[in-house]
Each structure stands twice: as structure tokens, then as C-alpha cells.
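This is what each chain is made of:
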Amino acid sequence: MTRATLTLTALTLALTLALTACNKGGKPDDKSAADKPSAPLLLAPEDVRQVTQSGLIGSPVISGAIQPARRADLRAEVAAVVLQIAKDNGERVRAGDLIIRIDPTSIRDAATSADEGLRAAQQSFEQTERVLARQRTLNQQGMISTQALEDAEVRRNAAQSELAAAKARMVTARQQVSRTEVRAPFDGVVSERKVSVGDTVQVGRELIKVIDPASMRFEGQVSADRLGELKLGQRVAFRINGFGDDEFHGKLARIDASANATTRQVELIANFEDASKAPQVAGLYAEGRVESTDRRALVLAEGSVLREGDTAFVWKLAGDKLKKTTVTLGERDERRGEIVIATGLALGDEVLRNPSSNLKDGAPLQRVKPGAGAASAVAAAPAPAASK
């Protein structure tokens, strides 16, 4: 056998031994990897959602706006030029604070003239009183006729009437002067200023509004077809434009006795359960539902429900493991993003808030405290094993 043949045979034997050793060494590693338990799914409180009960789905829908119960539209009571605007939109005022001053020049002149007219009427009346007193004395002495006495009484009565008229004109003139200063009727906030300095206003023109932010309420409308389901004192849940998903609650305080002839809507008012949480801005659009005790059902946010064809399921937290639970769905509330759970879950059951698609039934889980730096259920879910 040649030297080259011996060398090739030795190399082949060495390679065979090496491959055999690798295969024998790999089996225990593969077995240990398969037997190694998967890491638990770390869940923070924000990853979990509870099944709740609601009487809102299918109940009457209310739409309207947030408005103050105390509001005043201040209008011009005299015709003149606006001289000063002491308070602007958004500024707080106290009862009696000056808001707008209108030019009082001509009105004050009229008041001065009324004062002078009153003074003249007072003097005329006093003079006719003295004349009448003298005429009575002379009549008793037989020095003048009864006709002369009656004429003196007529003049006194006419002067008395003129005095009363002069007093009325004086009071009116002084009221007109006071009306050149527009003052706040109550504590509140200035809203919707309609005039500027230099504007000429006529009697009845709207100048400015004052509202009381502490008296905000939900003023809405409901279809007359659902009126039979409403009662005073019922709870109302609604959301307000500009406040995101924040939900507010109130109670029905008033239901109008007639429906709008055009829209067939009935107006109603709901007071906030917690007035301190009410928005401080009037006119915001709001929409919600009246809670019905006859329609209470288990509900869950749609984000927690997954679907496989016609089957719907959730990932329920069963002790320290995940459980894939099939549920039967009912009516859906598009406004609140909730759906009725007809079967499969009970009140208070906990499910994953936003489950991912790579979870496994029976996977272990571990709860962590808020702020512990745990990843969410979606991020902490183990990735599926790669296929061989």
C-alpha cells in the first residue's frame, strides 16, 4: 500500500470519529433544551382588564352640549358709544364688577334736566299750597267766594300731579345713567364679548355673556321613541369632546314635557355627580347613554377579544397560567368600544388587555408591581420556536 493511500485512509477514519463524537454530544444538549421550562409571561397591572357589568349598551343615546345653569346675556339698555371694556373673555368677575362702560354724556344731561324739572315742580307745588291755605282763610272770613277757593284747589292739584311726574322723570333719568355701566350679575367668567371700544350700540344689542362655571351640566336631546325608558334620577354616562376617553357621570334632573316638532327630540338635563370634575368651558359637545337597570350585561373592551374565523376568544388569567377561553359575543357599542359577553366569562374575570398572536394556552405568567420595569404582555410573550 502506498504512502498516499495510507494518508487518505487515516484522514477518513479521523473525520468519521469526529462526526460520531459530535452526534453523541448533541443528543443530551437537545434533550436538555426541550426539557427546559419556558420563561413566565410578565404582567403589569396595565396589561390586565377586568370583565365589568354595564346597563348602557342598547340604552337610549343622548347627544348635546355642556352648558352652565347660570348664564346671563347682557344687552345694551341705552343707545350710545362704548367707552370702556373692563373685562375680556375668560376673565373672572364678582357680582357687581364693572364690565363695560357706555358714554353717559347725553344721558347725564337728561338726568340733570330732570333734576331741575323736579326742583321747579316742587317749588310750584309749595307755592300753590300756600295760596290754597290763604284762600281757605279768606273764604272762612267771607272775603272770597267759594269759586275762588275751588280754583285754588285745582291749581294745587295740578301742581301736585306735575310734581309726581317730575319725580318719575328724575328716577328714570337716573336709571338710564346707571345703565351706562354694565356690571356682572353674579360671580362667574366673562364669555363671548360682542362689542369693542368705539362701537355705537342700540337698545337691545347683545354686549357680552357671563357664565358660572360651577353650574355646568349636560343639556342634551333624546329620541322621543325612547322617552318611555327614561326616569328622573337615572344615571347617565357620557364623554365630552376634548377629554379623550374620560367618562363622566351624572343623573337625569329634568325631562321636557314636549318634543321638538321638527326633530322629534326631547330635551333633558343631567347634573354632574361630581361637580368638581365638570369642564369649565361651555358649549363642548357631549354624547352618552342613560343607564338602564333592565339591560345590565357583562361587557369587555373589544381590544381584548380575538377572533379565529367565526370563533371569538380571550386570554383569561387562571391563577398563574394563561387560559384560552372561547366566548359568545352579544351587542356592540361603537361609541364606547365595548361588546357584550353572553357566555364564557364571569363578572370580575381578568383577561389580557391587548393580547398578541403568539401566546400559548397554559403558558405560565407572573405578576409584577407597577413601575417594576416589566414588559407588557405583548412584548413579554415568547416567540414561537423555529421549525426544523
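Residues numbered from 1 in each chain as written. Predicted model: local features only at pLDDT ≥ 70, side-chain atom pairs only at ≥ 80, totals over all residues. Heavy atoms only, no water.

Tallying secondary structure elements over the protein chain gives four helices and 24 strands in all. Looking at the protein chain as a whole, 33% of its 388 residues qualify as buried. A fraction of 73% describes how many contacts in the protein chain between residues 6 or more apart in sequence connect residues 24 or more apart. When the accessible surface of the protein chain is summed, it comes to about 23,000 Å², and 50% of that surface belongs to carbon and sulfur atoms. (Helix = DSSP H or I, 4+ residues; strand = E, 2+ residues; numbered from the N terminus. Buried < 20%, exposed > 50% of the residue type's maximum accessible area, 1.4 Å probe, protein only. Contact = heavy atoms within 4.5 Å. Areas by Shrake-Rupley, 256 points an atom, 1.4 Å probe, with all protein chains shown as cover.)

Mean pLDDT over the protein chain: 83, with 82% of residues reaching 70 or higher. Segment residues 17-22 is flagged for pLDDT under 50; beyond a separation of four residues in sequence, or across chains, it makes zero contacts in the model. Below a pLDDT of 50 lies the segment residues 373-388, which in the model reaches 24 contacts outside its immediate sequence neighbourhood of four places, other chains included. (pLDDT = per-residue confidence, 0-100.)

Strand order in the open sheet formed by four strands is β9-β8-β6-β11, and the pairing between neighbours is antiparallel. The strands lining the two open edges of the sheet, one partner per strand, are β9 (181-183) and β11 (200-201). Note that strand β6 (residues 80-85) and strand β8 (residues 98-102) share three bridges and pair antiparallel. Across the sheet, Gln-84 pairs through a bridge with Arg-101, a residue of β8. (Pairing = 2+ DSSP bridges.)

Our next topic: helix α2 (residues 105-140). Every α-helix carries 3.6 residues per turn, so stepping three or four residues along brings you back to the same face. The terminal C-alpha atoms of α2 lie 53 Å apart, and with 36 residues this matches the ideal 52 Å at 1.5 Å per residue to within 8%. Along α2, the positions that sit buried rather than exposed are Ile-107, Ala-111, Ala-114, Leu-118, Ala-121, Phe-125, Thr-128, Leu-132 and Gln-135. The inward-facing, buried residues of α2 contact α3 (146-178). Of the residues flanking the end of α2, it is Gly-142, one or two places downstream, whose phi is positive at about 75°. (Expected span 1.5 Å × (residues − 1).)

Let's shift gears to the layout of surface pockets. Taken as a whole, the largest pocket encloses approximately 250 Å³ of empty space. Lining of the largest pocket is provided by 12 residues; of these, Thr-52, Val-299, Ala-301, Arg-336 and Glu-338 occupy positions nearest its centre. Elements with a contribution of two residues or more to the lining of the largest pocket: β2 (48-50), β3 (52-54) and β18 (297-301). For the lining of the largest pocket, the per-class residue count stands at three nonpolar, five polar and four charged. (1 Å grid on protein atoms, 1.4 Å probe; cavity = no way out; pocket = protein on both sides within 12 Å on 5 of 7 lines; lining within 4 Å. Points joined across faces, edges and corners; volume = space filled by probe spheres on them. Nonpolar A, V, L, I, M, F, W, Y, C, P; charged D, E, K, R; others polar.)

To continue, consider the sheet that holds strand β13 (residues 216-223). Taking strand neighbours around the barrel as the criterion, the six strands line up as β4-β13-β16-β15-β14-β17 in a closed arrangement whose pairing is antiparallel. Pairs of neighbouring strands in the sheet enclose a mean axial angle of 40°, with direction left out of account. When strand β14 (residues 235-240) meets strand β17 (residues 285-290), the two strands line up antiparallel, connected through five bridges. Its bridge partner lying in β17, Ile-240 is registered against Ala-286. (Axes fitted to C-alpha atoms, helices over the stretch in contact; angles between N-to-C directions.)

Attention shifts here to the packing of α2 against α3. In contact at an axis separation of 7 Å, α2 and α3 are set at 160° when each is read in the N-to-C sense. In terms of their interaxial angle, α2 and α3 are classed as roughly antiparallel. The hand of the α2/α3 crossing is left-handed. Partitioned by chemical class, the residues of the contact of α2 with α3 number 17 nonpolar, nine polar and 11 charged. (Parallel < 35°, antiparallel > 145°, perpendicular 65-115°, else oblique. Left-handed = near helix turned anticlockwise from the far one by under 90°.)

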